[in-house]
Amino acid sequence: MNAFPSPSSSSSSNFNLFTQPKHNNYYHVKFGIKIPVLPSPPCCSLRDSSSSTTTVLDKNAISSQQSPSSNVVLPKDANYEGGLVVRRPVMEVSGDEEEDGGKDATDDDEANGSASAIDAGLTKFAKKMPMFEPERVESNPKEKPLTVNLDLALYRAKVLARKFLYEEAEAILQKCIYCWPEDGRAYVALGKILSKQSKTGKAREVYEKGCQATQGENAYIWQCWAVLENKMGNMRRARELFDAATVADKKHVAAWHGWAVLELKQGNIKKARSLLVKGLKYCGENEYIYQTLALLEVKANRYQQARYLFSQATKCNPNSCASWLAWAQMEVEQENYRAARKLFEKAVQASPKNRFAWHVWGIFESKMGNIDKGRKLLKIGHALNPRDPVLLQSLALLEYKHSTANLARVLFRRASELDPRHQPVWFAWGWMEWKEGNLNKARELYQKSLSIDSNSESAARCLQAWGVLEQRAGNLSAARRLFRSSLNINSQSYVTWMTWASLEEDQGNSVRAEEIRNLYFQQRTEVVDDASWVMGFLDIIDPAVDRLKRLLKLDPNSSNMMPDSFKSIAGINKNKVDLAGTSSNVDDGEEDESGFDLDAFIMERLSLDTSKLEVQLEPSTVKTSKSPRSIWRSNNRIVKV
């Protein structure tokens, strides 16, 4: 097959320049691919074409292979005449092309070598710069896992962390960081797991590495880092990190709210209000910000403003159990018991499995004298949250007060087995043993509580209770030391100061008792809050400023307004709780008129039978009680087998 037709019209000339050889040769095939790039060579006459089957191109290829550096190399062969004269122009062109063809692989190797050298140099340079991503081995993009694997890995790590399998969760998250260093979720999850294990140093390193990897544009990492520094007591550093989070994303509401809570704990009320208002300005309406502002109004005894803010919080998220509970507790303090019950019902309906809702509601009913209903609510909460020790602790105290101490001991023991590091369980158990006259057992339980954490609020209360025990036992020097240790933890405890003063007064040291009382009034901190901020705040949350001024009694003409008009101004409709009928004169034992059937609700929503709750908390079966969910799963497994 002739790749190029011969320009000669002579049919007798056998011009086999590009003839495929009889024997296939990889070298010839490769050269055949390169030939179409060459220009068409002029015809040359061969004296004896039959004397040799080797083509001129093959000879040129061989000569080029022998001397790749020469531009024009022609073999001195007698098979063609005047090869230098006739072939020189073609050989000059084809020589360059042949040189290109011959040096193609060499040039590619040199180019690849230079490119790899440049890449290696850049990689080495990038590793020295802290602004670049954390060092990682460059992998083939085809071998990089899909993004959906990141979501699955994060979920698996979350499940392992819930089961306290922290090492396996850390290994998964480290792999996520290795494969997706630019995603901030893995850093946040790993930092939280390390914080739970009290590995604060490693958690700080993870957050710092994450901020570098995301170039400081991930507000979640900044905010988690700020929370960590706040827990460690580095308030100044925490403020800087919260500020960095708001700069990274001014719509990150958790940063504004967390920063405001920090300022509240430091007593900076005006600064906290300013941050909360900024959070509403940049992030829009948010249930957490409204709830925190409402709690501030409760502390300032501005209850109608608090009700309005609580209604705004529940309007933003009707399923916010925390907002309903906080509102209910405020109504309890104001002795609006009927409204409080309705709000507790709203909280349970919003989050049926929330342990706080059942716990607070049960305590409220027990204090109102509805012992059976309070016990029932606590048992429902325990059935839904069998791993929560607080519910069993409150149930144990209820049984001790209205039943027997032996049943209370069984419940306390069960609660301590569920969470051995829960301080209030040991403290409450010790208090019960002291009431029963078992002083040595009470001291042992108090010591167990303090061994968990000697600087917490629970430790301060435990030390105060232990001091009372020693005072009643006649160990006055030990009682004084315990009171002093309690005040070193919490110097604002009025009960501890007055208990110590009464001890000194009982011993005839009236001067010392007066000194202790004066010390309390001198060192206590009072937070004075004003209502001037409301003027600027109302401009943000509601355009009807004049109407709200009358509501909040900022207008002198608002003195004649009916209190029930708050319902229409606050926007509480028929779906909200009706506060018009609230009254402090409601009978404590009277059932609410809302028509809420608790038994039907838990049967329909939670598939719980109230008649079987008693069996789960019997003294002999407390240790082996299972939640309905676990029982249902085990039955399914048996059926499948």
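Residues numbered from 1 in each chain as written. Predicted model: local features only at pLDDT ≥ 70, side-chain atom pairs only at ≥ 80, totals over all residues. Heavy atoms only, no water.

Draft legend 1. Just the overall build of the protein, in detail. Per the secondary structure count, the protein includes 31 helices and zero strands. Partitioning the intrachain contacts of the protein with sequence separation of at least 6 by distance along the chain shows that 54% fall at a separation of at least 24. For the protein, the exposed surface amounts to about 36,600 Å²; the carbon and sulfur share of it is 51%. (Helix = DSSP H or I, 4+ residues; strand = E, 2+ residues; numbered from the N terminus. Contact = heavy atoms within 4.5 Å. Areas by Shrake-Rupley, 256 points an atom, 1.4 Å probe, with all protein chains shown as cover.)

Draft legend 2. Summary view of unusual backbone geometry. In this structure, Phe164 is a non-glycine residue whose phi angle is positive, near 65 degrees. Its location among the elements puts Phe164 in the loop between helix H4 (147-162) and helix H5 (166-179). Phi is positive for Ser607, which is not a glycine, with a value near 55 degrees.

Draft legend 3. Representation of the packing of helix H6 (residues 185-196) against helix H7 (residues 200-213). Between H6 and H7, the least distance of the axes is 8 Å, while the angle of their chain directions is 170 degrees. By the angle between their axes, H6 is roughly antiparallel relative to H7. Residue-level inspection shows Tyr187, Val188, Leu190, Gly191, Lys192, Leu194 and Ser195 of H6 in contact with H7, the latter providing Lys202, Ala203, Val206, Tyr207, Lys209, Gly210 and Ala213. Counted by class, the contact of H6 with H7 contains eight nonpolar, three polar and three charged residues. (Axes fitted to C-alpha atoms, helices over the stretch in contact; angles between N-to-C directions. Parallel < 35°, antiparallel > 145°, perpendicular 65-115°, else oblique. Nonpolar A, V, L, I, M, F, W, Y, C, P; charged D, E, K, R; others polar.)

Draft legend 4. Representation of H6. Taking 1.5 Å of rise per residue, the 12 residues of H6 would be expected to cover 16 Å, and the 17 Å separating its terminal C-alpha atoms lies within 8% of that figure. Every buried residue of H6 is accounted for by Ala186, Tyr187, Val188, Leu190, Gly191, Ile193 and Leu194. On its buried face, H6 is in contact with H4, H5, H7 and helix H8 (219-231). Ser198, located one to two residues past H6, shows a positive phi value of around 65 degrees. (Expected span 1.5 Å × (residues − 1). Buried < 20%, exposed > 50% of the residue type's maximum accessible area, 1.4 Å probe, protein only.)

Draft legend 5. Representation of the nonpolar core. Counting 86 residues, the largest nonpolar core has Phe310, Phe344, Trp358, Trp361, Ile380 and Leu598 as the members making the most contacts within it. Those residues in contact with Trp361, other than ones at most four positions away along the chain, are Phe344, Glu345, Val348, Lys373, Leu377, Phe596 and Leu598. Membership of the second largest hydrophobic core comes to 25 residues, among which are Cys462, Ala465, Phe483 and Trp500. (Core = buried A, V, L, I, M, F, W, Y, C linked by side-chain atoms within 4.5 Å.)

Draft legend 6. Local environment of a nonpolar patch on the surface. Together, Leu146, Val148 and Leu152 make up a nonpolar patch on the protein surface, roughly 310 Å² of accessible area in all. Structurally, Leu152 can be placed in helix H4. For Leu152, a relative accessible area of 54% corresponds to the exposed category. (Patch = residues over 30% accessible without salt bridge, like charges linked within 9 Å, V, L, I, M, F, W, Y side chains within 5 Å. Salt bridge = Lys/Arg side-chain N within 4 Å of Asp/Glu carboxyl O.)

Draft legend 7. Layout of a positive patch on the surface. On the surface, a cluster of positive charge is made up of Lys250, Lys251, Lys271, Lys278 and Lys281. Among the secondary structure elements, Lys250 is positioned in the loop between helix H9 (235-248) and helix H10 (253-265). (Lys, Arg positive; Asp, Glu negative; His and termini not counted. Charge placed at Lys NZ, Arg CZ, Asp CG, Glu CD.)

Draft legend 8. The side chain of Ser394, seen in detail. Take Ser394: it is sitting in helix H18 (residues 389-402). In contact with Ser394, other than residues within four places in its own chain, are His359, Ile363 and Leu378.

Draft legend 9. Examining the pattern of salt bridges more closely. According to the stated counting rule, one finds 21 salt bridges in the structure shown. The residue Arg185 makes a salt bridge to Asp183 at a minimum N-O spacing of 3.1 Å. Salt bridges sharing partners connect three or more residues here, namely Asp151, Asp183 and Arg185.

Draft legend 10. Up close: the state of the cysteines. Taken as a whole, this structure holds zero disulfides when the rule is applied. Sulfur of Cys211: no disulfide; nearest cysteine sulfur belongs to Cys224 and is 9.8 Å away. Assessed through its relative accessible area of 8%, Cys211 is described here as buried. (Disulfide = S-S within 2.5 Å.)

Draft legend 11. Local environment of the confidence of the model for the protein. Residue-level pLDDT values for the protein average 74, and 63% of them are 70 or greater. Low pLDDT, under 50, characterises residues 1-100; the predicted model gives this stretch 77 contacts beyond four residues in sequence or across chains. Counting interchain partners and residues more than four positions distant, the pLDDT-below-50 stretch residues 615-641 has 28 contacts. (pLDDT = per-residue confidence, 0-100.)

Draft legend 12. Examining the environment of Asn336 more closely. Its place among the elements puts Asn336 in the loop between helix H14 (321-333) and helix H15 (337-350). At 2.7 Å, the side chain of Asn336 and the side chain of Glu331 are in polar contact. (Polar contact = N/O pair within 3.5 Å; in protein donor to acceptor, adjacent residues only side chain to side chain.)

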